[in-house]
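An overview of the molecular structure
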Amino acid sequence: AAIVKLAGHGGGTFQTASAPDVSAAGPQLIVTFQPGAGLAAVGAMLSELDAGIARGPMPDGAYVIALKLGADVDRAIAALKGHRDLVAGVDRGS
């Protein structure tokens, strides 16, 4: 799973965007989003990876992103890093 940080709207508040069908059994990534990353754009990017937000935002603003069981973690990390307009950082989760 991945953790993603989205910029807040209206006074630094955050909106949680969780995908109810994401399996907690798959790999996880911790993702921090760029301040201007929009929810629709982030959702489309995660959909391309067949991933979803499992938890977040965390106190530091990051999100845990869940990948499907058996997903190629290195490929997912590379894809997320390729979206520099949306992703500020990505790390392997537990």
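Residues numbered from 1 in each chain as written. Predicted model: local features only at pLDDT ≥ 70, side-chain atom pairs only at ≥ 80, totals over all residues. Heavy atoms only, no water.

**Thoughts on the nonpolar core**
Counting 20 residues, the largest nonpolar core has Leu29, Val31, Phe33, Met45, Leu46 and Leu80 as its most contacted members. Among the elements that make up this core, the one with the highest residue count is helix H2 (residues 73-81) (four residues). (Core = buried A, V, L, I, M, F, W, Y, C linked by side-chain atoms within 4.5 Å. Buried < 20%, exposed > 50% of the residue type's maximum accessible area, 1.4 Å probe, protein only. Helix = DSSP H or I, 4+ residues; strand = E, 2+ residues; numbered from the N terminus.)

**Section: the environment of Asp91**
Relative to the helices and strands, Asp91 resides in strand S4 (residues 87-92). Each C-alpha atom, one on Asp91 and one on Val31, is 6.6 Å from the other, the two residues being 60 residues apart in sequence. Leaving out residues up to four positions away in the same chain, Asp91 has contacts with Leu29 and Ile30. (Contact = heavy atoms within 4.5 Å.)

**Notes on the confidence of the model for the protein**
Confidence in the prediction for the protein averages 82 pLDDT; 74% of positions are at 70 or higher. Every residue in residues 1-5 scores below 50 in pLDDT, and together they form 45 contacts with partners more than four places removed in sequence or on other chains. With pLDDT under 50 throughout, residues 8-16 is counted as low confidence; its partners more than four residues away or in other chains account for ten contacts. (pLDDT = per-residue confidence, 0-100.)

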